[in-house]
Amino acid sequence: MISSVSGAVQSRRADHVVIDCNGVGYRLSVSAKTLERVPAAGQSAALLAHLILKDDGIQLYGFATEAERELFLRLISVAGVGPKMALTALSGSNAGELRKAIAAGDAKRFQVVPGIGRKTAERVIVELREAFAGELDEEARSAPAGAESPRAVAREGLVALGYDPSEAEAMLAAAASVDEHAPPEALIEAALRGAVKAA
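Residues numbered from 1 in each chain as written. Predicted model: local features only at pLDDT ≥ 70, side-chain atom pairs only at ≥ 80, totals over all residues. Heavy atoms only, no water.

1. Here's the deal with the pattern of salt bridges
For the record, the criterion: In the sections that follow, a salt bridge refers to a side-chain nitrogen of Lys or Arg positioned within 4 Å of a carboxyl oxygen of Asp or Glu. In this text, helices come from DSSP runs of H or I with a minimum length of four residues, and strands from runs of E with a minimum of two, each type numbered from the N-terminal end. Per-residue accessibility, obtained with a 1.4 Å probe over protein chains only, is compared with the maximum for each type, and a residue is labelled buried under 20%, exposed over 50%, and partly exposed between these values.
All told, the structure shown has seven salt bridges when counted by the stated rule. For R74, the salt bridge is made with E135, and the minimal N-O distance between the two is 2.8 Å. With R74 in helix α2 (residues 66-76) and E135 in helix α6 (residues 118-142), the pair connects residues that are 61 residues apart, well separated along the chain. Its relative accessible area of 19% is what places R74 among the buried residues. Between E169 and R155 there is a salt bridge, with the nearest N and O atoms lying 2.7 Å from each other. Within this pair, whereas E169 is found in helix α8 (residues 165-174), its partner R155 is found in helix α7 (residues 150-160), the two being separated by 14 residues in sequence. Looking at E169, the relative accessible area reads 27%, which means it is partly exposed. You can call R155 partly exposed: its relative accessible area is 28%.

2. With respect to the nonpolar core
Note that soluble globular proteins tend to have their nonpolar side chains buried in a common cluster. Selection rule: Throughout this description, the term nonpolar core refers to a set of buried Ala, Val, Leu, Ile, Met, Phe, Trp, Tyr and Cys residues connected via side-chain atoms within 4.5 Å.
In this structure, L71, F72, L75, I102, F110 and V124 are the most contacted members of the largest nonpolar core, which totals 26 residues. Mapped by element, the contributors of at least two residues to this core are β5 (57-63), α2, α3 (83-92), α4 (95-103) and α6. With twelve residues, the next largest nonpolar core counts I19, L35, A45 and L47 among its residues.

3. Section: the sheet that holds strand β1 (residues 4-12)
Test applied: Two strands form a pair only when DSSP identifies at least two bridges running between them. Helix axes are fitted only over the stretch in contact, all axes being lines through C-alpha atoms; the angle between N-to-C directions runs from 0 to 180 degrees. Contacts were defined at the residue level, with two residues in contact if any of their heavy atoms lie within 4.5 Å.
Spatially, five strands are ordered β1-β2-β3-β5-β4 in a closed barrel, and the strand pairing comes out mixed. For this sheet, the mean angle separating the axes of adjacent strands, direction not counted, is 55°. Across four bridges, the pairing between β1 and strand β2 (residues 16-21) is antiparallel. Each residue of the ladder has a partner; that of R12, found in β2, is V17. Docked against the sheet, α2 engages β4 (44-54) and β5, running at close to 15° with respect to β4.

In short, the description is geometric, and any link to function would need to be established separately.
Here it is in C-alpha coordinates:
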(Lines give C-alpha, C1' and ligand atoms only; values in the text may rest on other atoms or scores of the structure.)
Protein backbone atom coordinates (compact mmCIF):
# COMPACT_ATOMS: atom_id res chain seq x y z
CA MET A 1 0.00 0.00 0.00
CA ILE A 2 1.32 3.46 -0.91
CA SER A 3 0.84 5.74 2.10
CA SER A 4 2.75 8.82 0.93
CA VAL A 5 4.48 10.25 -2.13
CA SER A 6 7.23 12.86 -2.14
CA GLY A 7 9.34 14.36 -4.89
CA ALA A 8 9.33 17.10 -7.50
CA VAL A 9 6.00 18.38 -8.80
CA GLN A 10 5.71 17.59 -12.51
CA SER A 11 2.31 19.16 -13.08
CA ARG A 12 -0.73 20.63 -11.31
CA ARG A 13 -4.21 20.34 -12.75
CA ALA A 14 -7.68 21.21 -11.45
CA ASP A 15 -8.28 17.70 -10.06
CA HIS A 16 -4.85 16.07 -9.81
CA VAL A 17 -1.12 16.51 -9.48
CA VAL A 18 1.79 14.47 -10.79
CA ILE A 19 4.80 14.02 -8.52
CA ASP A 20 8.10 12.61 -9.78
CA CYS A 21 9.41 10.15 -7.21
CA ASN A 22 12.83 8.81 -8.23
CA GLY A 23 11.99 8.92 -11.91
CA VAL A 24 8.44 7.58 -11.58
CA GLY A 25 5.56 10.04 -12.02
CA TYR A 26 2.70 9.38 -9.61
CA ARG A 27 -0.67 10.87 -10.57
CA LEU A 28 -2.71 11.69 -7.47
CA SER A 29 -6.30 12.90 -7.55
CA VAL A 30 -6.66 15.71 -5.01
CA SER A 31 -9.23 18.06 -3.54
CA ALA A 32 -9.09 21.79 -4.20
CA LYS A 33 -7.92 22.31 -0.60
CA THR A 34 -4.93 20.01 -1.09
CA LEU A 35 -4.16 21.48 -4.51
CA GLU A 36 -3.83 24.93 -2.92
CA ARG A 37 -0.97 23.58 -0.82
CA VAL A 38 0.94 21.93 -3.66
CA PRO A 39 3.75 24.18 -4.93
CA ALA A 40 4.47 25.04 -8.56
CA ALA A 41 5.98 22.55 -11.00
CA GLY A 42 9.64 21.87 -10.31
CA GLN A 43 9.37 22.37 -6.55
CA SER A 44 9.36 19.61 -3.95
CA ALA A 45 6.14 18.36 -2.43
CA ALA A 46 4.97 15.58 -0.14
CA LEU A 47 1.44 14.22 0.05
CA LEU A 48 -0.20 11.52 2.11
CA ALA A 49 -1.82 8.95 -0.15
CA HIS A 50 -4.49 6.29 -0.42
CA LEU A 51 -4.58 3.65 -3.15
CA ILE A 52 -7.86 2.25 -4.46
CA LEU A 53 -8.00 -0.78 -6.75
CA LYS A 54 -10.90 -0.72 -9.19
CA ASP A 55 -12.04 -3.01 -12.00
CA ASP A 56 -10.75 -0.56 -14.58
CA GLY A 57 -7.41 0.13 -12.93
CA ILE A 58 -5.60 1.66 -9.96
CA GLN A 59 -6.33 5.14 -8.62
CA LEU A 60 -4.13 7.07 -6.21
CA TYR A 61 -5.51 9.89 -4.05
CA GLY A 62 -3.40 12.56 -2.38
CA PHE A 63 -3.97 14.59 0.78
CA ALA A 64 -2.18 17.52 2.39
CA THR A 65 -3.20 16.50 5.92
CA GLU A 66 -3.97 13.34 7.84
CA ALA A 67 -7.29 14.87 8.88
CA GLU A 68 -8.35 15.15 5.24
CA ARG A 69 -7.29 11.61 4.40
CA GLU A 70 -9.12 10.21 7.42
CA LEU A 71 -12.31 12.08 6.52
CA PHE A 72 -12.03 10.90 2.89
CA LEU A 73 -11.89 7.29 4.10
CA ARG A 74 -14.87 7.81 6.39
CA LEU A 75 -16.91 9.42 3.60
CA ILE A 76 -16.27 6.66 1.05
CA SER A 77 -17.35 4.11 3.66
CA VAL A 78 -20.88 5.49 3.27
CA ALA A 79 -22.98 3.72 0.63
CA GLY A 80 -23.42 5.90 -2.43
CA VAL A 81 -20.37 8.09 -1.77
CA GLY A 82 -17.51 7.36 -4.13
CA PRO A 83 -13.96 8.78 -4.12
CA LYS A 84 -14.76 11.52 -6.65
CA MET A 85 -17.76 12.69 -4.64
CA ALA A 86 -15.73 12.63 -1.42
CA LEU A 87 -13.00 14.78 -2.98
CA THR A 88 -15.62 17.24 -4.19
CA ALA A 89 -17.00 17.51 -0.66
CA LEU A 90 -13.49 18.05 0.71
CA SER A 91 -12.87 20.77 -1.88
CA GLY A 92 -15.55 23.03 -0.43
CA SER A 93 -14.53 23.00 3.25
CA ASN A 94 -11.60 21.87 5.32
CA ALA A 95 -11.80 18.58 7.19
CA GLY A 96 -12.50 20.18 10.56
CA GLU A 97 -15.46 22.16 9.24
CA LEU A 98 -16.96 19.11 7.54
CA ARG A 99 -16.64 16.98 10.66
CA LYS A 100 -18.46 19.67 12.67
CA ALA A 101 -21.18 19.92 10.01
CA ILE A 102 -21.74 16.17 10.09
CA ALA A 103 -21.75 16.11 13.90
CA ALA A 104 -24.34 18.92 13.86
CA GLY A 105 -26.53 17.04 11.40
CA ASP A 106 -26.15 19.74 8.72
CA ALA A 107 -27.26 17.75 5.67
CA LYS A 108 -27.65 20.92 3.60
CA ARG A 109 -23.87 21.36 3.65
CA PHE A 110 -23.59 18.22 1.52
CA GLN A 111 -26.53 18.89 -0.76
CA VAL A 112 -24.63 21.78 -2.37
CA VAL A 113 -21.93 19.31 -3.45
CA PRO A 114 -22.43 18.29 -7.12
CA GLY A 115 -23.69 14.73 -7.27
CA ILE A 116 -24.88 14.55 -3.67
CA GLY A 117 -28.65 14.57 -3.40
CA ARG A 118 -30.83 14.78 -0.31
CA LYS A 119 -30.88 11.03 0.31
CA THR A 120 -27.12 10.66 0.07
CA ALA A 121 -26.56 13.70 2.29
CA GLU A 122 -28.92 12.27 4.90
CA ARG A 123 -27.16 8.89 4.68
CA VAL A 124 -23.81 10.57 5.42
CA ILE A 125 -25.33 12.24 8.48
CA VAL A 126 -27.03 9.06 9.72
CA GLU A 127 -23.92 6.90 9.38
CA LEU A 128 -21.27 9.35 10.65
CA ARG A 129 -22.98 11.86 12.91
CA GLU A 130 -22.85 9.92 16.16
CA ALA A 131 -19.20 8.91 15.73
CA PHE A 132 -18.05 12.43 14.84
CA ALA A 133 -20.05 14.05 17.64
CA GLY A 134 -18.44 11.67 20.12
CA GLU A 135 -14.96 12.31 18.74
CA LEU A 136 -15.38 16.09 18.87
CA ASP A 137 -16.66 15.90 22.45
CA GLU A 138 -13.67 13.76 23.41
CA GLU A 139 -11.25 16.19 21.75
CA ALA A 140 -12.85 19.09 23.61
CA ARG A 141 -12.57 17.25 26.94
CA SER A 142 -8.95 16.26 26.37
CA ALA A 143 -7.84 19.78 25.45
CA PRO A 144 -5.89 21.44 28.30
CA ALA A 145 -8.01 23.78 30.40
CA GLY A 146 -7.80 27.31 29.12
CA ALA A 147 -5.83 26.25 26.05
CA GLU A 148 -6.13 28.64 23.15
CA SER A 149 -6.89 27.45 19.65
CA PRO A 150 -4.00 27.37 17.15
CA ARG A 151 -5.72 30.20 15.26
CA ALA A 152 -5.85 32.39 18.39
CA VAL A 153 -2.17 31.74 19.08
CA ALA A 154 -1.34 32.51 15.44
CA ARG A 155 -3.30 35.78 15.65
CA GLU A 156 -1.33 36.79 18.74
CA GLY A 157 1.89 35.91 16.91
CA LEU A 158 0.98 38.17 13.97
CA VAL A 159 0.12 40.99 16.37
CA ALA A 160 3.55 40.52 17.96
CA LEU A 161 5.06 40.94 14.49
CA GLY A 162 3.46 44.37 14.21
CA TYR A 163 0.06 43.73 12.61
CA ASP A 164 -3.03 45.08 14.31
CA PRO A 165 -5.64 42.50 15.43
CA SER A 166 -8.03 43.19 12.55
CA GLU A 167 -5.22 42.83 9.99
CA ALA A 168 -4.08 39.61 11.64
CA GLU A 169 -7.60 38.17 11.55
CA ALA A 170 -8.01 39.12 7.88
CA MET A 171 -4.68 37.49 7.01
CA LEU A 172 -5.69 34.27 8.75
CA ALA A 173 -9.06 34.29 7.03
CA ALA A 174 -7.30 34.63 3.67
CA ALA A 175 -5.20 31.58 4.56
CA ALA A 176 -8.31 29.43 5.04
CA SER A 177 -6.81 26.61 2.93
CA VAL A 178 -4.65 25.64 5.91
CA ASP A 179 -6.28 23.07 8.17
CA GLU A 180 -7.62 24.77 11.31
CA HIS A 181 -5.90 22.15 13.46
CA ALA A 182 -2.48 22.98 11.98
CA PRO A 183 0.10 24.32 14.47
CA PRO A 184 0.20 28.12 14.94
CA GLU A 185 3.55 28.30 13.12
CA ALA A 186 2.00 26.86 9.95
CA LEU A 187 -0.93 29.29 10.18
CA ILE A 188 1.40 32.27 10.61
CA GLU A 189 3.55 31.13 7.69
CA ALA A 190 0.51 30.76 5.44
CA ALA A 191 -0.85 34.15 6.49
CA LEU A 192 2.47 35.88 5.79
CA ARG A 193 2.82 34.09 2.46
CA GLY A 194 -0.67 35.23 1.48
CA ALA A 195 0.11 38.80 2.48
CA VAL A 196 3.23 38.80 0.26
CA LYS A 197 1.22 37.50 -2.72
CA ALA A 198 -1.47 40.14 -2.17
CA ALA A 199 1.08 42.94 -1.96
